[in-house]
Amino acid sequence: MYLKTPEDQKLIESYKSAPSELMQAIAGLNESDLNQTRAPGTWSIREIVHHIVDCDMNYVQFNRYALADTGKTYFFNEFNGDSWNFKMDYKNRSIESELKLFTMMREYIAYLCIILNDSLDRVLVHEHGKATVRDALRHDTQHVLHHIEQILETRRINNI
């Protein structure tokens, strides 16, 4: 294990704790509650959870490539959340497996970031620019927190 700065340790812990925060945000909700939305035309809580995990599956790949082959260019397909929502039938699927997968993916990347030397400084280059793993972890963490806020807002609006 390599020494990380306190800021980097905090970032890795925040990244790793996101599944727990998501589970807290949906704690106590039943199947009907998971189908509630903030407003007409917005995603339900269930759909938001699926979106978070599908995005994170892409982020795991980006991070793995940066960690394993730093500085190389990685080409990825654009991700259209609405298309995935429809084609992957988010609104009719259980979130149980997704929550387990999300937890394992975050634990895996956090583990690699802890044990690999200079892990957070490794770089992923892609067609839109480049980012360090540190940048990616910040982005990935913010993405989840943004959607957790949407879930909490949905709960407030629907009194659930």
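Here, the structure is the one placed above.
Residues numbered from 1 in each chain as written. Predicted model: local features only at pLDDT ≥ 70, side-chain atom pairs only at ≥ 80, totals over all residues. Heavy atoms only, no water.

Caption draft 1: The overall build of the protein chain, seen in detail. For the protein chain, the helix and strand inventory stands at six helices and two strands. Put simply, the protein chain runs from its N terminus to its C terminus through helices and strands in the order α-α-α-α-α-β-β-α. Over its C-alpha trace the protein chain gives a radius of gyration of 17 Å, about what one expects of a compact globule, namely 15 Å for 160 residues. Taking the principal axes of its C-alpha atoms as reference, the protein chain extends roughly 45 × 30 × 25 Å. (Helix = DSSP H or I, 4+ residues; strand = E, 2+ residues; numbered from the N terminus. Rg over C-alpha atoms; globule rule 2.2 N^0.38 Å.)

Caption draft 2: Quick peek at the environment of R64. Among the secondary structure elements, R64 is positioned in helix α3 (residues 45-68). Sequence separation of R64 and C113 is 49 residues, and the distance between their C-alpha atoms is 10.0 Å. Those residues in contact with R64, other than ones at most four positions away along the chain, are Y108 and I109. (Contact = heavy atoms within 4.5 Å.)

Caption draft 3: Here's a closer look at the pattern of salt bridges. The tally for this structure, following the rule as stated, stands at nine salt bridges. Between R134 and D121 there is a salt bridge whose closest N-O contact spans 2.7 Å. Taken as a pair, R134 in helix α6 (residues 133-158) and D121 in the loop between α5 (96-115) and β1 (123-126) lie far apart in primary sequence, 13 residues in all. The class of R134 is buried, set by a relative accessible area of 17%. Using a relative accessible area of 45% as the deciding quantity, one classes D121 as partly exposed. Among the ionic contacts, a cluster of salt bridges with common partners joins D8, D121 and R134. (Salt bridge = Lys/Arg side-chain N within 4 Å of Asp/Glu carboxyl O. Buried < 20%, exposed > 50% of the residue type's maximum accessible area, 1.4 Å probe, protein only.)

Caption draft 4: Here's a closer look at α3. Taking 1.5 Å of rise per residue, 24 residues should cover 34 Å, and α3 covers 34 Å from first to last C-alpha, within 8% of that figure. With 18 of its 24 residues buried, α3 lies for the most part within the structure. (Expected span 1.5 Å × (residues − 1).)

Caption draft 5: Geometry of the packing of aromatic side chains. Applying the stated rule across the entire model yields four aromatic pairs. Ring geometry for F62 versus Y74: centroids 5.6 Å apart, planes at 65°, classification edge-to-face. On the criterion of sequence distance, the pair formed by F62 in helix α3 and Y74 in the loop between α3 and α4 (81-87) is long-range, its members being 12 residues apart. Accessibility expressed as a relative area gives 16% for Y74, which makes it buried. Taking 4.3 Å as the distance between ring centres and 40° as the angle between the ring planes, the aromatic pair formed by Y65 and Y74 counts as tilted. The cationic tip of R106 hangs over the ring face of Y15; the distance from NZ or CZ to the ring centre is 4.0 Å. (Phe/Tyr/Trp six-rings, centres within 6.5 Å; stacked < 30°, edge-to-face > 60°. Lys NZ or Arg CZ within 6 Å of the ring centre and 35° of its normal.)

Caption draft 6: Representation of the nonpolar core. Counting residues in hydrophobic clusters, the biggest one holds 37 residues, and the most contacted among them are L22, I26, F102, L137 and I151. At the level of secondary structure, the elements contributing two or more residues to this core comprise α1 (6-26), α3, α5 and α6. It is α3 that contributes the most residues to this core, 11 residues altogether. Those residues in contact with L137, other than ones at most four positions away along the chain, are L11, I12, Y15, N63, I109, C113 and L120. (Core = buried A, V, L, I, M, F, W, Y, C linked by side-chain atoms within 4.5 Å.)

Caption draft 7: Local environment of the packing of α1 against α6. Where α1 contacts α6, the two axes come as close as 10 Å, and the packing angle between them is 25°. Regarding the angle of α1 to α6, the classification is roughly parallel. For the pair α1 and α6, the crossing hand works out as left-handed. Of the residues in α6, those touching α1 at D8, L11, I12, S14, Y15, A18, E21, L22, Q24, A25 and I26 are R134, L137, R138, D140, T141, V144, L145, I148, I151, L152 and R155. Partitioned by chemical class, the residues of the contact of α1 with α6 number 13 nonpolar, three polar and six charged. (Axes fitted to C-alpha atoms, helices over the stretch in contact; angles between N-to-C directions. Parallel < 35°, antiparallel > 145°, perpendicular 65-115°, else oblique. Left-handed = near helix turned anticlockwise from the far one by under 90°. Nonpolar A, V, L, I, M, F, W, Y, C, P; charged D, E, K, R; others polar.)

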